[in-house]
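Listed below, chain by chain, are the residues.
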Amino acid sequence: MPHLLLDLGLFGLLTSTISALLALFGLVRFLQGGQGGEAATASRPSTASPPVSLLKPLDGDEPSLEAHLESFFRQEYPQFEILF
């Protein structure tokens, strides 16, 4: 029984040390600006915008509904969808 408790304690020490080292590694990469991941984002232009979804709940006849809905369609965004 004493060996089992010692083994469990050593296992816990080992796993917590590994976890602390991984957290430290992540912190260092974060503080350096994540230089490893820049290659993937460098090929995409900085002005690229992700596609978005606009949600517009409708309930009955609202005043100026047509003008409000028209503003959704007149926006200048590269890729979007409107869900009513």
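The shown structure was predicted, so the numbers you read here are calculated from the model rather than taken from an experiment.

### Thoughts on the pairing of strand S2 (residues 80–83)
A regular strand carries its side chains on alternate faces of the sheet. Bridge analysis of strand S1 (residues 52–55) against S2 gives four bridges, and the strand direction is parallel. Paired with Val 52 across the two strands is Phe 80, which belongs to S2.

### Regarding the confidence of the model for the protein chain
Confidence along the protein chain averages 83 in pLDDT terms, with 83% of residues attaining 70 or more. Put simply, helix H2 (residues 38–42) is where the protein chain has its lowest mean pLDDT, 51, and helix H1 (residues 2–31) is where it has its highest, 93.

### Remarks on the packing of aromatic side chains
If you walk through the whole model with that rule in mind, you get one aromatic pair. Between Phe 73 and Phe 84, the ring centres sit 6.3 Å apart and the planes meet at 35°, which makes this aromatic pair tilted. Of this pair, Phe 73 sits in helix H3 (residues 65–73) while Phe 84 is found in the segment after S2, placing the two residues 11 residues apart along the sequence. By the burial criterion, Phe 73 is exposed, and Phe 84 matches it.

What counts and how
- Residues numbered from 1 in each chain as written.
- Predicted model: local features only at pLDDT ≥ 70, side-chain atom pairs only at ≥ 80, totals over all residues.
- Heavy atoms only, no water.
- Pairing = 2+ DSSP bridges.
- Helix = DSSP H or I, 4+ residues; strand = E, 2+ residues; numbered from the N terminus.
- pLDDT = per-residue confidence, 0-100.
- Phe/Tyr/Trp six-rings, centres within 6.5 Å; stacked < 30°, edge-to-face > 60°.
- Buried < 20%, exposed > 50% of the residue type's maximum accessible area, 1.4 Å probe, protein only.

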